Amino acid sequence: MLARRERLFSPDPRLGWVFRDRWWFLRPFPEPPPQQQALPDYLARRVTETEQLAQRRLSRTLPVSAAIAALLVLFAACSASDSQMVKTPVPTGMLLLAVIAVAPGAVLTWWAVRQRQAARQAYELAQQQITGGYHEQARQWQARKQAHDAAERARLDGLPEWGSAPRPGRRLDVFGGTLWAWEALLTTYGTSTLAVQPLLVLDLSREVVSRELVELSQAAWTGVDVQLLPSRLASSKLLADMPPQDLVDAIVESMHGGTPDAARADRSMDDRILTKICRALGDDLTLGRIAAALRALMGEPDDGGALTRDERRHIANELFTVEYRRQAHASLSRIESYIHPLEELGTEPPKEEGAGYLTCMALDSQARNVRSELLTDLVVQWVTHRITASQDSTPALIVAGADELARRHLERLSDACERRGVPLTLLFRRLRETSAEMIGGGAVAFMRLGNHEDATRAADFIGRDHRFVLSQITKNVGGNESHTSTDTEGAGDSESTSTSRTTGTSRSWGTSRSSGTTYSGGEMFGLFPDRSTNYQRGSNRGGSTSTSDTVGTTTSTSRNWSAAYSYAEGTNWSDADTTQRVYEYAVEPVTLQHLPDHALLLVESAPGGGRTITPVECDPAIITLDRVTTGPLPDPPAPQQAIPAPATPPQQWSTPAAPQWAAPPSPPPPRAPLAVDPGPPPGGQTGPRPPGTPRQGPPPLFGGKG
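Definitions and limits used
Each chain carries its own residue numbering, running from 1 in the direction its sequence is written. Restriction of local features to residues with pLDDT of at least 70 applies here, the model being predicted, together with a cutoff of 80 or more for giving and counting side-chain atom pairs; totals for whole chains, interfaces and linings are based on all residues. Each side-chain value is worked out from all heavy atoms of the structure, with water and hydrogens disregarded. Segments assigned H or I by DSSP are reported as helices when at least four residues long, segments assigned E as strands when at least two residues long, and all are numbered from the N terminus. Using a 1.4 Å probe on the protein chains alone, a residue whose accessible area is under 20% of its type maximum counts as buried, one over 50% counts as exposed, and one in between counts as partly exposed. Contacts between residues were defined by any pair of non-hydrogen atoms, one from each residue, lying within 4.5 Å. Each accessible area is a Shrake-Rupley estimate made with a 1.4 Å probe; only the visible protein chains count as cover when residues are assessed. Nonpolar cores were defined as sets of buried Ala, Val, Leu, Ile, Met, Phe, Trp, Tyr and Cys residues, with membership established by side-chain atoms within 4.5 Å. Under this scheme, a helix contributes an axis fitted over its contacting stretch, all axes are lines through C-alpha atoms, and angles between N-to-C directions fall in the 0 to 180 degree range. Each crossing is labelled by how the near helix is turned from the far one, with a counterclockwise turn of less than a right angle marking it left-handed and a clockwise turn marking it right-handed. Charged residues are taken to be Asp, Glu, Lys and Arg, nonpolar residues to be Ala, Val, Leu, Ile, Met, Phe, Trp, Tyr, Cys and Pro, and polar residues to be all remaining types, Gly included. Pairing of N or O atoms within 3.5 Å defines a polar contact, subject to two protein rules: one partner must be a possible hydrogen donor and the other a possible acceptor, and residues neighboring in sequence count only if both atoms are side-chain atoms. Geometric relationships in this document are graded by angle, where less than 35 degrees denotes roughly parallel, more than 145 denotes roughly antiparallel, 65 to 115 denotes roughly perpendicular, and other angles denote oblique. By definition, the arc is the one covered by directions from the helix axis to the C-beta atoms. Scored from 0 to 100, pLDDT reflects the predictor's confidence in each residue. Just to be clear on terms, a salt bridge is a Lys or Arg side-chain nitrogen sitting within 4 Å of an Asp or Glu carboxyl oxygen.

> Sorry if this is basic, but what is going on with the overall build of the protein chain here?
A count of helices and strands for the protein chain gives 16 helices and 15 strands. For the protein chain, the residues scored as buried account for 33% of the 706 residues in total. In the protein chain, of all internal contacts separated by at least 6 residues, the share reaching a separation of at least 24 is 82%. Put simply, the protein chain shows about 43300 Å² of open surface, and 53% of that area lies on carbon and sulfur atoms.

> Please clarify how the environment of Ala-66 should be interpreted in this entry.
As for its position among the elements, Ala-66 is in helix H2 (residues 41-86). Spatially, the C-alpha atom of Ala-66 lies 7.8 Å from that of Gly-105, the residues being 39 residues apart in sequence.

> Help me understand the nonpolar core, please; the structure alone is not making it clear to me.
Proteins that are soluble and globular tend to have nonpolar side chains buried together. In terms of nonpolar packing, the biggest core is built from 79 residues, with Ile-290, Ile-339, Leu-397, Val-399 and Phe-446 touching the most fellow members. The residues touching Ile-290, leaving out its near neighbours within four places in the chain, are Leu-247, Ile-251, Leu-274, Ile-277, Cys-278, Leu-281, Leu-285 and Ile-339. Formed by 32 residues, the second largest nonpolar core is a distinct cluster that contains Leu-15, Leu-186, Leu-194 and Val-201.

> Is there a simple way to explain the packing of helix H6 (residues 244-256) against helix H7 (residues 264-281) in this structure?
In helix packing, the relevant descriptors are the interaxial angle and the interaxial distance, both defined with respect to the helix axes. In the contact formed by H6 and H7, the axes pass within 10 Å of each other and the chain directions differ by 150°. Handedness of the crossing formed by H6 with H7: right-handed. In this structure, H6 uses Pro-244, Gln-245, Val-248, Asp-249, Ile-251, Val-252, Glu-253, Met-255 and His-256 to contact H7, whose residues at the interface are Asp-266, Arg-267, Asp-270, Asp-271, Leu-274, Thr-275 and Cys-278. Broken down by class, the residue content of the contact of H6 with H7 amounts to 7 nonpolar, 3 polar and 6 charged.

> What is the right way to read the side chain of His-409 from this model?
Take His-409: it is sitting in helix H13 (residues 407-420). Engagement of the side chain of His-409 in a polar contact is seen with the side chain of Gln-381, the distance being 3.3 Å.

> Is there a simple way to explain the packing of H7 against helix H11 (residues 329-339) in this structure?
Interhelical geometry of H7 versus H11 gives an angle of 70° and a closest axis separation of 10 Å. Classed by the angle they form, the pair H7 and H11 counts as roughly perpendicular. Contacts between H7 and H11 involve Asp-266, Met-269, Asp-270, Ile-273 and Leu-274 from the first element and Ser-331, Leu-332, Arg-334, Ile-335 and Ile-339 from the second. Residues belonging to the contact of H7 with H11 are distributed by class as follows: 6 nonpolar, 1 polar and 3 charged.

> Can you walk me through H11 in this structure?
The α-helix winds at 3.6 residues per turn, so residues separated by three or four positions along the chain end up facing the same way. Regarding H11, the residues found buried are Ser-331, Leu-332, Ile-335, Glu-336, Tyr-338 and Ile-339. Projected down its long axis, H11 shows its buried positions confined to an angular sector of 160°, all on one face. The inward-facing, buried residues of H11 contact H6, H7, helix H8 (287-297), helix H10 (322-327) and helix H12 (370-389).

> Can you walk me through the confidence of the model for the protein chain in this structure?
Note that predicted coordinates carrying low pLDDT should not be read in detail. Of all residues in the protein chain, 68% attain a pLDDT of 70 or more, and the chain-wide mean is 77. Segment residues 468-478: pLDDT under 50, and 33 contacts once partners within four positions in sequence are set aside and those in other chains are kept. Below pLDDT 50 for its whole length, residues 642-706 participates in 37 contacts with residues either more than four positions away or in separate chains.

> I'm lost on the pattern of salt bridges in this one. Help?
When the charged atoms of two side chains lie near each other, side chains of opposite charge can form a pair. Applying the stated criterion across every chain, the model contains 28 salt bridges. Here Glu-253 makes a salt bridge to Arg-408, at a shortest N to O gap of 3.5 Å. Remark: Arg-408 occurs in helix H13 and Glu-253 occurs in helix H6; sequence separation between them is 155 residues. Of the residues examined, Arg-408 reaches a relative accessible area of 45% and is grouped as partly exposed. Members of the salt-bridge network, linked through shared partners, are Arg-22, Asp-157, Glu-161 and Arg-627.

So this is what it looks like as structure tokens:
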């Protein structure tokens, strides 16, 4: 286990590991499983046909032939009995006819039964051979599949699943994460960085998240310089190698750098006072001596031995005039209040001389106090000076807890590192205020951001993207089911009454009389032959009386009522996929709020525009697993050439010569198509013959013209 942990100190610098499942590259067996062949249709059809034919022969042909033969035999027997009585020869012709009558039916029946048996045997033989061939093909396919799977497993067993995620560029800003996640990230990234260059860690988390890195580095016999502030302030080498003017700039910047609205006059006055004091103190310059000089300027008593009598008299009487000291008393008091908590810095000699290969300056777990807040800004100024003034190989820099620093100081530190090629890593607990203003200066990584506002800002930074998502489900399969039930109930009542009465009286009487005389052709004596006489008399009298009385009464009553009940039940189901183009977060805020402890989302700018998001695991214990490489994941090996399938033997059931009836009838060869323009028949051309056209028709010897 310890030997595997030593692999953490292997180049190149890494943030963690990227997982790639080796089984993603498993190439499935390309051959489909064999399918059992179906028997030829003509075999089953032949069995059916022969079965029907045999049944027909046995049920019809043979009984009819046998019946005819029996009649003939019976007739022959009767004839034989008569011949014995009459002494005539036996009619052998009848027996011969009986044999002739039964022979065709028996032969046809025997042939039909034989054909049925042959068809059954051919069908069973083909079925056995196809089944045997299928089992053999399945066995060979299974053997080839097992060989292919074994080769694939052997190919993938040597493929690593965990590859390192290299450090992106010169600057990396990490936002979010718990203290345990920071400790894991510092261990994984710090150990791999120490394999290629020195490392400087500013642990401002106040929980010493760099402890595991320090312990592993000490166990690996790497030079380690740990300065725990402010508990070990006296032995710290902070500000020990700074020139006077750089020390003055560091103190002034740490006092006023975090307040952008600070008066320039105050900054200038503080700079002038500290510059004059540092010059008066000479080369022996410490914060304790500067604080004693400030108290001497203010006329306060000082029982310490930080200053000699001559230095104290020179500073108190000759450095500034009385009027200037009176006007600058507020500035003197502010500077002395700032430096007073740090007077013990560097008063004791360090236990180890020289800088370590790993230098770690950490704020201890004490409660937040004035000294820790002052040291935070002062340490950043010291690091910036060390980077800008270093002529040797500059170490990589990690600042854990950069939320406490002013934006102006961070920008100055970032510019100094970028100018001199120093890898800079900043760890922020939150994404707000200073950290939100610093985002985007380099590659960005996000760990768990529990606050929803921080997670939303991170998701906005990652950006939105168009993608096709399943937006609604309306699949229509076409299923519809309906049940309807109707019940009708009705009743009717009708009542009708009708009364009619008719009374009538009719009476009629009349009298009629008529008489007449007609003479024609003359008188009765013939005196006037052309004379006609007509005499007529009539009388008519009539009368009529009629009386009628009619009374009618009709009454009708009808009632009808009905009730109808109808009930319908229907079921309709549908199922459809619809995709639409939506504009949404590439990474949702809720995803950033629930990241695992050691998970990290690395966001980098792509060369052609856009971004790439890489999930990274920064747990250092991954190095102890199998299939872990300290470099990036290699490309998977090319799959081996597919195992060639053995030559398929010819099917056994088709090897023996099939009977002539078992072979399917071959279709006749297709006829040649007619020409589009067949033209006249040979010898029947119309019109002159083109030159060079061969002669058609009868040859010259048969009357043709040459």
